[in-house]
Amino acid sequence: MTRPFLLRLAILAAATPLAAQTTTFPPPPTLADPTSSAWLSALPEGEIKRRFILDCTGCHQFDGRIARPRGVPRTEAGWVEAITRMLGYAGATTSFPVISSGRDPRATAAWLARHVPRDPVSPAAITATGRADVTEYPLPEPGDLPHDVAVEPDGRVLVTGMFTHRLYRLDPAGGTMAEIPIPVDKANPRAVELDAAGRPWLVLGGPNRLAVLTDSQWRSFDIGMYAHSLGVGRDGQVWFNGHFTRAPELIGSVDSAGRVKTYEVPAHPSLARDPGGPIPYELRVGPDGRVWMSELHGNRMVAFTPATGSFRTYDLPTPHSGPRRFDVDEQGVVWIPAYATNRLLRLDPATGRFGEIALPLADAVPYIARSDPRDGSIWIGTAAADALLRYRPGTGRFDVYPLPSRGALVRHLAVDPERNAIWLAYGASPGIPARIARVVPR
């Protein structure tokens, strides 16, 4: 693998000792192992593959540890057992219904047994076309899941520990990571965003709450649903969406007085009554105040105008694209990582038209896109390629930054323009020991 840039892995201790958790990991993959992208590229293209990527790669990567546990190829019966077990955790009728209702264990197992190579696949060559310094910071508990990151005005970085119910603050200068206690039982922090005053707002998933930290004081709000994302408008209004709402599908807001209000999204034409539903996913607030949301299985983008209370929906051009964590740039253009089609989509709200941009890496599986306010570049975290991508709309050129860890499913990223840094949260479950990364382009 060609890497014409510096890789620097920092092994850093927590600022204060934290209670240990016993976690058993399979042997972690090494950089000599094929990426998840290489395994996915062995599967035939088409709708079956897109639906498989949507259902079966969002929590963890599809790699050699899945395809060949303990170095032995799975049999068809082994695939049936594994898929049935996953449906018990996250099937459409469970309490965490991220797998679609049409996922059939036997049909899926037969397809995998037919197409997954029995021998290890060849590693895909990833050539770095960008230069960067990359530093990785382990979380205090290896079994945690760093869901989101946010950069504070002074350069410190907030990290939500979804599994340990903790909020962490990393000081990059000293390499220390300290816990900020959340006074909510089993807080389950997911999303984190800063408001104009620099205060962190958190989604607390399991407790069905939002919370805000002012100095050292927390205040939380009962929103009555398990939210996925939150967004802060320039007017200070805080918006959220109901991750598993479907009939009705809901977004909502918390105003400066702490009042919670909800709004019903136009019903999905086919999934509103289907177990699992359209899966509301990312939520962002555009520069004009419009609230945008993606539907992971619904394959729609939804725009809400608070001033008029009106909604507009946009169907993605390819079925089962899987719009995940998108962004809205300063011109109001929406940049969407189409997870299952390996495309970056550009939606112009003025015309309602989509542009499709192929990624430079096969089956990279783009998870998150964020606009860089300095030059309008789009940073893309991949779920399968162990790479960070940068798209330059002015030239149509991509920069590729391979990451120093195999198994780096990039669930979230944040741009720090003041310090020329991109912060990544590696969030796979099960996956490699928990860590975040700082990428400083050179």
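Given the structure is predicted, the values throughout are model-derived calculations rather than measurements. (Residues numbered from 1 in each chain as written. Predicted model: local features only at pLDDT ≥ 70, side-chain atom pairs only at ≥ 80, totals over all residues. Heavy atoms only, no water.)

Chemist: How should I be thinking about the overall build of the protein chain in this particular structure?
Modeler: From N to C terminus, the protein chain includes 5 helices and 29 strands. In terms of overall dimensions, the protein chain is globule-like: its C-alpha atoms have a radius of gyration of 20 Å, near the 22 Å expected for 442 residues. A principal-axis box enclosing the C-alpha atoms of the protein chain has dimensions of 60 × 50 × 50 Å. Across the 442 residues that make up the protein chain, the buried fraction comes to 58%. When the accessible surface of the protein chain is totalled, it reaches about 17,600 Å², and 51% of it is carbon and sulfur. Here the protein chain contributes 48 positive and 44 negative side-chain charges, whose respective centroids are spaced 3 Å apart. (Helix = DSSP H or I, 4+ residues; strand = E, 2+ residues; numbered from the N terminus. Rg over C-alpha atoms; globule rule 2.2 N^0.38 Å. Buried < 20%, exposed > 50% of the residue type's maximum accessible area, 1.4 Å probe, protein only. Areas by Shrake-Rupley, 256 points an atom, 1.4 Å probe, with all protein chains shown as cover. Lys, Arg positive; Asp, Glu negative; His and termini not counted. Charge placed at Lys NZ, Arg CZ, Asp CG, Glu CD.)

Chemist: Looking at this model, I keep getting lost on the confidence of the model for the protein chain. Mind explaining?
Modeler: Where the model shows low pLDDT, its predicted coordinates should not be examined in detail. When pLDDT is averaged across the protein chain, the result is 93; 94% of the residues are at 70 or more. With pLDDT under 50 throughout, residues 1-25 is counted as low confidence; its partners more than four residues away or in other chains account for 67 contacts. (pLDDT = per-residue confidence, 0-100. Contact = heavy atoms within 4.5 Å.)

Chemist: Which parts of the structure should I look at to understand helix 5 (residues 105-115)?
Modeler: Considered for burial, the residues of helix 5 that qualify are Pro 105, Thr 108, Ala 109, Trp 111 and Leu 112. Down the axis of helix 5, the smallest arc covering the buried residues is 165°, so these residues share one side. The exposed residues of helix 5 that point more than 90 degrees off its buried face are Arg 106 and Arg 114. Buried positions along helix 5 lie against helix 2 (47-56) and helix 4 (76-90). (Arc of directions from axis to C-beta.)

Chemist: Would you explain the side chain of Asp 255 in this entry?
Modeler: Mapped onto the fold, Asp 255 is located in the loop between strand 13 (249-254) and strand 14 (260-265). A distance of 2.8 Å separates polar atoms of two side chains, one belonging to Asp 255 and the other to Arg 259. (Polar contact = N/O pair within 3.5 Å; in protein donor to acceptor, adjacent residues only side chain to side chain.)

Chemist: What am I meant to see in the packing of aromatic side chains here?
Modeler: Think of a pair of aromatic rings as described by two things: how far the centres are apart, and how the planes are tilted against each other in angle. According to the stated counting rule, one finds 17 aromatic pairs in the structure shown. Centroid distance Trp 335 to Tyr 391: 6.1 Å. Interplanar angle 55°. Geometry classified as tilted. Residue Trp 335 is found in strand 20 (residues 334-338), and its partner Tyr 391 is found in strand 25 (residues 387-392); the two are separated by 56 residues along the sequence. Across the pair, exposure class does not vary: Trp 335 and Tyr 391 are buried alike. (Phe/Tyr/Trp six-rings, centres within 6.5 Å; stacked < 30°, edge-to-face > 60°.)

Chemist: Help me understand the sheet that holds strand 18 (residues 310-315), please; the structure alone is not making it clear to me.
Modeler: Note: strands within a sheet are paired through backbone hydrogen bonds, in either parallel or antiparallel orientation. Pairing is antiparallel in the open sheet, where 4 strands are placed in the order 15-16-17-18. In the strand order of this sheet, the two ends are held by strand 15 (280-285) and strand 18, each with one partner. Sheet twist, expressed as the mean angle between neighbouring strand axes with direction ignored, is 20°. Pairing of strand 15 with strand 16 (residues 291-295), which is carried by 4 bridges, proceeds in the antiparallel orientation. (Pairing = 2+ DSSP bridges. Axes fitted to C-alpha atoms, helices over the stretch in contact; angles between N-to-C directions.)

Chemist: Please clarify how the pattern of salt bridges should be interpreted in this entry.
Modeler: Side chains bearing opposite charge may pair, as long as their charged atoms lie close to each other. Taken as a whole and judged by the stated rule, the model has 29 salt bridges. Arg 169 is the salt-bridge partner of Glu 152, the closest N and O atoms lying 2.7 Å from each other. Pair noted here: Glu 152 is in the loop between strand 3 (146-151) and strand 4 (157-161) and Arg 169 is in strand 5 (residues 166-171), with a separation of 17 residues, a long-range link. For Arg 169, a relative accessible area of 22% gives the class partly exposed. Among the salt bridges present, the one from Asp 386 reaches Arg 406, with a minimum N-O distance of 2.8 Å. (Salt bridge = Lys/Arg side-chain N within 4 Å of Asp/Glu carboxyl O.)

Chemist: Mind showing me how you'd approach empty space enclosed by the protein here?
Modeler: Here the idea is plain: a probe the size of a water molecule rolls over the atoms and shows the empty space left. Evaluation of the coordinates by the stated rule reveals 1 cavity of 30 Å³ or more. Lining the largest cavity, in full, are Asp 144, Gly 407, Tyr 426, Gly 427, Ala 428, Gly 431, Ile 432, Pro 433, Ala 434 and Arg 435. Of the residues belonging to the lining of the largest cavity, the class tally is 5 nonpolar, 3 polar and 2 charged. (1 Å grid on protein atoms, 1.4 Å probe; cavity = no way out; pocket = protein on both sides within 12 Å on 5 of 7 lines; lining within 4 Å. Points joined across faces, edges and corners; volume = space filled by probe spheres on them. Nonpolar A, V, L, I, M, F, W, Y, C, P; charged D, E, K, R; others polar.)

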